[in-house]
There are 2 protein chains.
Amino acid sequence: MSSITIIGTGNMARTIGARALAGGNTVEVMGRDRSKAADLAEALGGGATTGEWATAPAGDIVIVALLHTAVVPAVTQYGDALAGKVVVDISNPFNASFDGLAHPEGTSTAQEAAKAAPAGTAVVKAFNTVFRHVLEKGRPDIFLAGDDPQAKASVETFVKTLGLRPLDAGPLKMSHWLEGAGLLTVSLANHGVGNFDFALGATELPAS
Amino acid sequence: MSSITIIGTGNMARTIGARALAGGNTVEVMGRDRSKAADLAEALGGGATTGEWATAPAGDIVIVALLHTAVVPAVTQYGDALAGKVVVDISNPFNASFDGLAHPEGTSTAQEAAKAAPAGTAVVKAFNTVFRHVLEKGRPDIFLAGDDPQAKASVETFVKTLGLRPLDAGPLKMSHWLEGAGLLTVSLANHGVGNFDFALGATELPAS
């Protein structure tokens, strides 16, 4: 069981919150608009609580479920309130035409969030290759990237409580390619793959 | 059934050649060293033939199974001999430390090969996310990227003769992200995923 704080009140916050509660974790919701956060916590039920924006989260794992452009500003605004937390960036920083990323080679939203976070705060990239509705009803693989083994292990434990399989994609700089894999997933869907009801995953060879 | 020419005599050439023949396709092998190409054709059996380097390939689909640094030079050297062919780039242009690509954002080996190819020659990116031994014994998904719908369809048909599932990743510029997905696959394997016996693929939701 993990203690989770979700920053954000949108669809992805709702879906991850619901799955987190179903998996036996505690959930706190934070939004700039506290009434929206309270509404989501109430809709989620299961003892979900609400916290004040930019104050210390109750959860050990803080999932930033915001649009990619809002991730670094939120991490910056929270500042030391995130000290010692594991921050999970789930964003997809697509460019305006959805055919590339909004940031250059060699970085990623996750890496920029890590630069903005206080010392001792680990950032893990996760969940970004999964469509929300697939996360809601499916069993997608969850790719993780991060530099802190303990932080990554704690997110892996959380992912397993959701009944999902965490796949270690390596260091945080692999977030660039995970964000590219998010783009690839959208492009596959837009070109007829899986009627949008699929996720990128690792297919193992059958034992011979 | 497709007619395939493979440029290259290495392990990937051998594996694709063997699967292509098993799938009922014709196979021609070309190598800078014609005796190596002849050796591979003989080892493959199944009526595989040998062609002269940089002359017109017999196959409608030309699979360039060379190291990434050799792909554009080979396409340049073949020049007009490739006119009207469908050229398949399977390479993984990893940088020296295997933690990024050898070319900048916005391009890919496949796109550079397309620039080097004669007018009317379509380039399709495919097979690059699959480890050779997985292709040899497994049923991995094959991601394709290309700008020419007819060329892509012909590669899809070929992929199906191998008993594999082609997945349309979109236009040729998605090759950059497929090459990144190749990097992601290696990083996953290096971080304990699937004991190297896996491939990136699309997992569909079970029908509910």
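Residues numbered from 1 in each chain as written. Chains lettered and ligands numbered in written order. Predicted model: local features only at pLDDT ≥ 70, side-chain atom pairs only at ≥ 80, totals over all residues. Heavy atoms only, no water.

1. A word on the nonpolar core
Using the following cut-off: Among buried residues, those of type Ala, Val, Leu, Ile, Met, Phe, Trp, Tyr and Cys that are joined through side-chain atoms within 4.5 Å constitute a nonpolar core. Between buried and exposed lies partly exposed: a residue is buried under 20% and exposed over 50% of the maximum accessible area for its type, with that area taken using a 1.4 Å probe on protein chains only. Only heavy atoms matter for contacts: two residues are in contact if any of them lie within 4.5 Å across the pair.
With 114 residues, the main nonpolar core has Phe127 of chain A together with Phe127 of chain B as its most contacted residues. Those residues in contact with Phe127 of chain A, other than ones at most four positions away along the chain, are Met12, Ile16, Val88, Ile90, Leu135, Ile142, Phe143, Phe158, Val159 and Leu162 of chain A.

2. Structural notes on the packing of aromatic side chains
Rule in force here: For Phe, Tyr and Trp, where Trp contributes only its six-membered ring, two rings pair if their centres lie within 6.5 Å, and the inter-plane angle classes them as stacked under 30 degrees, edge-to-face over 60, or tilted in between.
Within the structure shown, the criterion is met by eleven aromatic pairs over all chains. Members of the aromatic cluster, joined through ring pairs, are Phe131, Phe196 and Phe198 of chain A.

3. Examining helix 4 (residues 109–116) of chain B
As a reminder, the rule being used: Numbered from the N terminus, helices here are DSSP runs of H or I no shorter than four residues, and strands are runs of E no shorter than two.
Within the span of helix 4 of chain B, buried status applies to Thr109, Ala110, Gln111 and Ala113 of chain B. Check the buried side of helix 4 of chain B and you find it contacts helix 3 (68–78), strand 5 (86–89), strand 6 (122–126) and helix 7 (175–190) of chain B.

4. What about the relation of the copies chain B and chain A?
Which entries qualify depends on this criterion: Least-squares superposition aligns the copies on the C-alpha atoms of those residues with pLDDT at or above 70 in both.
Laying chain B over chain A is done by rotating through 180° and shifting 0.0 Å along the axis; what remains is an RMSD of 0.0 Å. In the structure described here, the two chain copies are related by an operation that fits a two-fold rotation axis. A share of 100% of the interface residues of chain B reappears at the interface of chain A, consistent with the copies meeting face to face through the same patch.

5. Remarks on the UniProt feature "domain: Pyrroline-5-carboxylate reductase catalytic N-terminal" (unreviewed entry) in chain A
Note the following rule: UniProt positions are given in the numbering used here, feature names are shortened, and annotations may be inferred rather than shown by experiment.
UniProt records the feature "domain: Pyrroline-5-carboxylate reductase catalytic N-terminal" (unreviewed entry) for residues 4–93 of chain A in the present numbering. Overall, residues 4–93 of chain A shows 38% helix and 24% strand. The separation of its end C-alpha atoms is 23 Å.

6. Points about the environment of Gln150 of chain A
Residue and element names in this part refer to chain A. Tracing the chain through its elements places Gln150 in helix 6 (residues 149–161). A relative accessible area of 68% places Gln150 in the exposed class. Put simply, Gln150 and Ala122 are 28 residues apart on the chain and 9.1 Å apart in space, counted from C-alpha to C-alpha.

7. Some words on the interface of chain B and chain A
Threshold: What counts as buried area is the accessible surface, traced by a 1.4 Å probe, that two parts surrender upon association, with contributions from both included. What makes a salt bridge here is a side-chain nitrogen of Lys or Arg within 4 Å of a carboxyl oxygen of Asp or Glu, nothing more. Whenever two N or O atoms come within 3.5 Å, that pair is a polar contact, provided that in protein one can donate a hydrogen and the other can accept it, and provided that, for residues adjacent in sequence, both atoms are side-chain atoms.
Every contact between the two is made by 39 residues of chain B and, on the other side, 39 residues of chain A. The three residues of chain B that bury the most area against chain A are Trp177, Leu184 and Leu205 of chain B, which together make up 22% of that side's buried surface. At the boundary of chain B and chain A, one finds two salt bridges. Here Lys173 of chain A and Asp99 of chain B are joined by a salt bridge, their closest N and O atoms 2.5 Å apart. Remark: the boundary between chain B and chain A carries eight residue pairs in polar contact (both at pLDDT 80 or more). Counting residues per element, the ones that place at least two in the side of chain B that touches chain A are helix 5 (132–137), strand 8 (165–168), helix 7 and strand 9 (198–204) of chain B.

8. Brief notes about the pairing of strand 3 (residues 49–52) of chain A
All names here are of chain A. Applied cut-off: DSSP calls a pair of strands paired once it identifies at least 2 bridges connecting them. Every crossover in which the path from the first strand over the helix to the second runs clockwise, viewed with the strands pointing away from the viewer, is termed right-handed.
By the bridge criterion, four bridges tie strand 2 (residues 26–31) to strand 3 in an arrangement that is parallel. Note that in strand 3 the partner of Glu28 across the bridge is Thr49. Note that the unit made of strand 2, helix 2 (residues 34–44) and strand 3 has a crossover that is right-handed.

9. Some details on the side chain of Asn95 of chain A
Residue and element names in this part refer to chain A. Mapped onto the fold, Asn95 is located in the loop between strand 5 (86–89) and helix 4 (109–116). Polar side-chain contacts of Asn95 include one of 2.8 Å to the backbone nitrogen of Phe98. Non-local contacts of Asn95, meaning those with residues more than four positions away in its chain, are made with Gly100, Leu101 and Ala102.

10. Focus on the pattern of salt bridges
Where charged atoms from two side chains of opposite charge approach closely, those side chains can pair. All names here are of chain A. Counted under the stated rule, the structure contains 20 salt bridges over all chains. Residue Asp197 pairs with Lys137 through a salt bridge whose shortest N-O separation is 3.8 Å. Of the two residues, Asp197 sits in the loop between helix 7 (175–190) and strand 9 (198–204) while Lys137 sits in helix 5 (residues 132–137), which places them 60 residues apart along the sequence. Of the residues examined, Asp197 reaches a relative accessible area of 22% and is grouped as partly exposed. Overlapping salt bridges, with partners in common, bring together Asp89, Lys125 and Glu179 in one network.

11. Observations concerning the side chain of Asp141 of chain B
Residues and elements named next belong to chain B. Structurally, Asp141 is set in strand 7 (residues 141–146). The exposure class of Asp141 is buried, given its relative accessible area of 8%. Here the side chain of Asp141 touches Arg165 through a polar contact of 2.8 Å, side chain to side chain. Only 2.9 Å separates the side chain of Asp141 from the backbone nitrogen of Ala202, close enough to count as a polar contact. When sequence neighbours within four positions are dropped, the list of residues in contact with Asp141 reads Thr129, Val130, Arg165, Leu167, Leu200, Gly201 and Ala202.

12. Side note on the packing of helix 7 of chain A against helix 7 of chain B
For any two helices packed against each other, the geometry comes down to the angle between their axes and how far apart the axes lie. Heads up, the rule is: Lines fitted to C-alpha atoms define the axes here, with helix axes fitted over just the stretch in contact, and angles between the N-to-C directions of these axes take values from 0 to 180 degrees. Orientation is classified from the angle alone, with under 35 degrees giving roughly parallel, over 145 giving roughly antiparallel, 65 to 115 giving roughly perpendicular, and any other angle giving oblique. In this scheme the crossing of two helices becomes right-handed for a clockwise turn of the near helix relative to the far one and left-handed for an anticlockwise turn of less than a right angle. Note that Gly is not counted as nonpolar here; it falls among the polar residues with everything else outside the nonpolar set of Ala, Val, Leu, Ile, Met, Phe, Trp, Tyr, Cys and Pro and the charged set of Asp, Glu, Lys and Arg.
Put simply, helix 7 of chain A and helix 7 of chain B touch, their axes get as near as 9 Å, and they point 125° apart. By the angle between their axes, helix 7 of chain A is oblique relative to helix 7 of chain B. Considering only the axes of helix 7 of chain A and helix 7 of chain B, their crossing is left-handed. Along its contact with helix 7 of chain A, which presents His176, Trp177, Leu178, Gly180, Ala181, Leu183 and Leu184 of chain A, the element helix 7 of chain B presents His176, Trp177, Leu178, Gly180, Ala181, Leu183 and Leu184 of chain B. Here the contact of helix 7 of chain A with helix 7 of chain B is composed, by residue class, of ten nonpolar, four polar and no charged.

13. Looking at the sheet that holds strand 4 (residues 61–64) of chain B
All names here are of chain B. With respect to topology, eight strands assemble into an open sheet ordered 3-2-1-4-5-6-7-8, the strand pairing being mixed. The open sheet has two free edges, formed respectively by strand 3 (49–52) and strand 8, since each of these has just one partner strand. Each strand axis lies, on average, 30° off the axis of its neighbour in the sheet, ignoring direction. Examined bridge by bridge, strand 4 and strand 5 share four bridges and lie parallel to one another. Bridging from a neighbouring strand, Ile63 pairs with Val88 of strand 5. Docked against the sheet, helix 6 (residues 149–161) engages strand 1 (3–7), strand 4, strand 5, strand 6, strand 7 and strand 8, running at close to 165° with respect to strand 7. Here helix 7 sits on the sheet in contact with strand 5, strand 6 and strand 7, set at roughly 150° to strand 7.

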